[in-house]
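Residues per chain, in single letters:
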Amino acid sequence: MIVLKFGGTSVGSVAAIETLKNIVADTLRHHNNAVVVVSAMSGITDLLINSGKAAENGDKAFETNLLQLRLRHEEVINMLLHKQAAAAHDFLNEQLQLLHDLLNGVLLLKEMSARTLDCIASFGEVISSKIVTLYMQEHFSSVAHVDARQLIRTDKNFTAARVDFAVTDMLLRQAISPQTHLYVMGGFVAATAEGVTTTLGRGGSDYTAAIVAAALDADLLEIWTDVNGVLTADPRKVKKALTLPQMTYEEAAEMSHFGAKVIYPPTIQPAMRKNIPIRIANTFNATHAGTLITRRSHDTAPVKCISSISNVALVNIQGTGMIGVSGVAARIFKTMALQEVNIILITQASSEHSITFAINPQDAAKAQQALQEEFDYELKNNLLNEINIEQDMCVVALIGFNMRRSIGVSGKMFGALGKNGVNIRAIAQGSSEMNISVVVDKAEERKALNTLHDAFFLSDITALNLFLVGGTGLIGSTLIRQIQQHAAFLKEKQQFEIKLVGVANSRTQYINEEGVDLNEYQGVLEQKGEKHDLAAFIHEMIALNLPNSIFIDSTASPEVIAFYDDILKESISLITPNKLANSGKWQDYENLHAIARKFGVQFLYETNVGAGLPVISTLKGLLNSGDEVLKIEAVLSGSMSFVFNNFKDEIKFSDIVKEAQVRGYTEPDPREDLSGADVARKVLILAREMGLPLEIGDIVIENILPQSCIAAPHVEAFFRALENNENHFEQLKQQAQQNNKVLRFIAEIDPQGARIALRGVAADSPFYALSGSDNMIVFTTARYKERPLVVKGPGAGAEVTAAGVLAEIVSVGNYLS
């Protein structure tokens, strides 16, 4: 014997019922007997309940609902039935007349009791089960219809009736005979001993099927719905949710408590009592294995699923008057029980200073009033603080039978949430260790669910969500190309999947939670992008609240850095080659870094100083390991390195500067480089990393440009002035050569301050052999005193800078994973 239950969508259309018939045919090829339990057609129960409410309010609009109900069922009858069509129409007309009379009675009385509501709501299952029976009789032999109201006995607790299992089991065994191959009945409905119609609660058709399966000692209970079994999370909130092949009764019960729509909570108990396997399957994808629910599962994964209760209120009672006083908890929970307030979650501090519990938000007001009355004496005498209720909370839970045998599940859970800035307001875990629940802000629900789902079910691959400003600039576009080129490597070797969620340039911006195609992003910006509004871009990024979000500023704009603190406060990691934030006012620098520390978020800017060279990370490594930095000497400008590395022989200084400009090494106005302004910002950042609270004005820069070059009104005039002062630079070169030295534009930092100057260096200097546009940083420390530590390599250019940013993306990924 097998029991099959088909939900509303599985009988909701002609095509669905035809599919149902095919599933039943396949079942009967493998089983001698089957009972099919059907729900009302999708949407019909809501239509019936709304009709009752309309009639109660004196509104004859229910007539329109009845017409809609008639048309939907007549369409199914006309398209599916042939020999049995007349019988089906007669039955439909009879039931609709009864329903119409009942609603007219409600209309006249303007009153609808729970008993009447149950009777009205029952018509959906009564009609659908009869139509399905007649359709089955046209295709199978030995098919019978049974009325659940004659077989399932309940008390008079209307709308959520309790089953009398002793009587029900006896009636079902008497009615269901092995001689009949197929029975069809409606779910959800039942009756009292007096024959008064009751219902088992919304979703009760699952329960009906489980009751039947347990009474008949069925081999299997199949619940056919519109999803591929039980998923690891709600697919409406977690798009990467996966189907679970197996789970235990206890895990399914925990999930149903947390509102999993795929199975009605009471369904588990009858099947578990008789050890009957439950299979959740998809009517519209019948070949999918679905999920099998049994007493034991072979799946050893510690966490089976992640669920949530989307809207709760958090009640907190605390005060010194609770410490060591017996009976406080009993008074709280007795008070809640008398008010019929359901407690969803409970947690208490070991100090006994506070008790926190979650309830339904609609119960918050009466709960607070009742608690204030119960603890009136304690409140008046300041033994308890004011009873506090926080709204707009949600409960997020990990569920899994094997968590009890696994070490580190809680740590992994809290670590993942913490790194993504999800603040935990309360924690609860039973000694069974099957459920770890946390309360978080309702606004964080999707982020928390997705963060945990990635951590526990997609742990091999960490998805990183990028928001890139300056996406079509030289560095931004190079970065995207590098991500494309290395995507396969990053996924296979680093287990990172980088998704470009938002991209902006100075004209347009575009955000898509599903990600932007890296091959098409520039076209998408032009065709679908909105007018650039940086504040709106950042606001939407924050509102999306995606886990593992990374903001990248690849501009040189002061406008963007004004939003850095807002971004970091939202626990969004920030990577930037933009030097302005770290070289601004010391107080602003300190504030940004303090925010990053406070919110536990990554703020990375390696490319501020050496493009792709590991300069800042090397310095931090030295300092964090306890080394003392005595001095840093550095060539920190790729353009200045190129100019002075090539200023030799008969080459004119002005020609070298022009070539550097043509190659893109310098700023459009080379005076930005030659003045030392760019190097000064880098020097300032390094000095601050050493702990020196310097401002940009504290950096001493030796000017190398004649006044006429500095005062030139535009770039063209500057080059003319530079040519006119060729002798000045030639003399500098000749003087160095006479001393067997070469010119290098070198910065020096020590505890006394920072300086930048054009220096002549001899062959024993590490700077002597510099070539091309290479940068070089020399660290003299307590450990590296006799032989300083040298970092050398390309210090300018989009390729190396973008590569440095990509390396930091990977670094953030390692931190988050």
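Coordinates for the structure precede this section.
Quick caveat: nothing in here was measured; it's all calculated off a predicted structure.

(A) Representation of the overall build of the chain within the structure. Along the chain, the regular secondary structure elements total 32 helices and 29 strands. Relative to a compact globule of 817 residues, whose C-alpha radius of gyration would be 28 Å, the chain shows 37 Å and is clearly more extended. Each principal axis of the C-alpha atoms in the chain carries an extent, and together these give about 115 × 70 × 55 Å. Burial statistics for the chain: of 817 residues in total, 53% are counted as buried. Within the chain, residue pairs in contact and separated by at least 24 positions form 72% of the contacts whose partners lie at least 6 positions apart. Of the accessible surface of the chain, which amounts to about 35,000 Å², a share of 49% is contributed by carbon and sulfur atoms. Charged side chains of the chain number 72 positive and 91 negative; the gap between the two group centres comes to 3 Å.

(B) Looking closely at the environment of A711. Mapped onto the elements of the fold, A711 is located in helix α29 (residues 707-711). With a relative accessible area of 53%, A711 lands in the exposed category.

(C) Region of interest: the pairing of strand β24 (residues 629-635). Across the seven residues of β24, five count as buried, placing the element largely inside the fold. In this sheet, strand β28 (residues 774-781) lies alongside β24 in antiparallel orientation, the contact comprising six bridges. By the bridge assignment for β28, E633 is matched with V778. Direction of pairing for β24 relative to strand β26 (residues 742-750): antiparallel, over a ladder of three bridges. Residue A634 lies in a different strand from β26, and its bridge partner there is A747.

(D) A look at the sheet that holds β24. Within the open sheet, the six strands sit side by side as β25-β27-β26-β24-β28-β29. Their pairing is mixed. The sheet is open, and its two borders are formed by β25 (700-701) and β29 (789-794), each paired with just one other strand. In terms of strand pairing, β26 meets strand β27 (residues 753-761) through nine bridges, oriented antiparallel. Paired with I746 across the bridge in β27 is A757. Sheet contacts for helix α24 (residues 616-624): β24, β28 and β29; angle to β28, the most-contacted strand, approximately 10°.

(E) Expanded view of the pattern of salt bridges. For the coordinates displayed, the defined rule picks out 37 salt bridges. Here D678 ties to K579 by a salt bridge, and the two come within 3.4 Å at their closest N and O atoms. With D678 in helix α28 (residues 677-689) and K579 in the loop between β22 (573-575) and α22 (586-598), the pair connects residues that are 99 residues apart, well separated along the chain. We note a salt bridge from E716 to R720, for which the minimum N-O separation is 3.4 Å. Taken together, the residues E716 and R720, both in helix α30 (residues 715-724) and four residues apart, mark about one turn of the helix. Judged by relative accessible area, which is 55%, E716 ranks as exposed. Residue R720 is classed as partly exposed on the basis of its relative accessible area, which comes to 44%. Ionic contacts of the salt-bridge type, sharing partners, join the residues K631, E633, E748, D750, R755 and R759 into one network.

(F) Fine view of the side chain of S10. Examined against the element boundaries, S10 turns out to sit in the loop between β1 (2-6) and α1 (14-30). Polar contacts involving the side chain of S10 include one to the side chain of T283, which spans 2.6 Å. Beyond its immediate chain neighbours, meaning those up to four positions away, S10 contacts A16, I17, L20, W224, T225, T283 and F284.

(G) Looking closely at the environment of D441. Looking at where D441 falls in the secondary structure, it is placed in strand β16 (residues 435-441). C-alpha separation for the pair D441 and Q734, spaced 293 residues apart in sequence, amounts to 70 Å. Not counting residues within four places of it along the chain, the set of residues in contact with D441 comprises D392, M393, C394 and R425.

Basis of the calculations
- Numbers given to residues run from 1 along each chain, matching the order in which its sequence is written.
- pLDDT decides what is reported in this predicted model: residues at 70 or higher carry local features, side-chain atom pairs at 80 or more are listed and counted, and totals for whole chains, interfaces and linings draw on all residues regardless.
- As a convention, hydrogens and water are excluded, and side-chain values are obtained from all of the structure's heavy atoms.
- Numbering of helices and strands runs from the N terminus, with a helix taken as a DSSP run of H or I at least four residues long and a strand as a DSSP run of E at least two residues long.
- To get the radius of gyration, use the C-alpha atoms; to get the globule rule, take the number of residues to the power 0.38 and multiply by 2.2 Å.
- Here the term buried applies to any residue with accessible area under 20% of the maximum for its type, exposed to any over 50%, and partly exposed to those in between, with areas from a 1.4 Å probe on protein chains only.
- Whether two residues are in contact is decided by their heavy atoms: any pair within 4.5 Å suffices.
- In these tables, accessible area is a Shrake-Rupley quantity obtained with a 1.4 Å probe, and a residue counts as shielded only by the protein chains included in the view.
- Positive charge is attributed to Lys and Arg, negative charge to Asp and Glu, and no charge count is given to His or to the chain ends.
- Think of each charge as sitting on NZ of Lys, CZ of Arg, CG of Asp or CD of Glu.
- Two strands qualify as a pair provided that DSSP identifies no fewer than 2 bridges between them.
- Note on geometry: axes are C-alpha line fits, over the in-contact stretch for helices, and angles between N-to-C directions span 0 to 180 degrees.
- When a carboxyl oxygen of Asp or Glu lies within 4 Å of a side-chain nitrogen of Lys or Arg, that pair is called a salt bridge.
- Here a polar contact is taken to be a pair of N or O atoms separated by no more than 3.5 Å, where protein atoms must pair a possible hydrogen donor with a possible acceptor and residues adjacent in sequence count only if both atoms sit in side chains.

Fair warning: the whole summary comes from geometry, so function is off the table for now.
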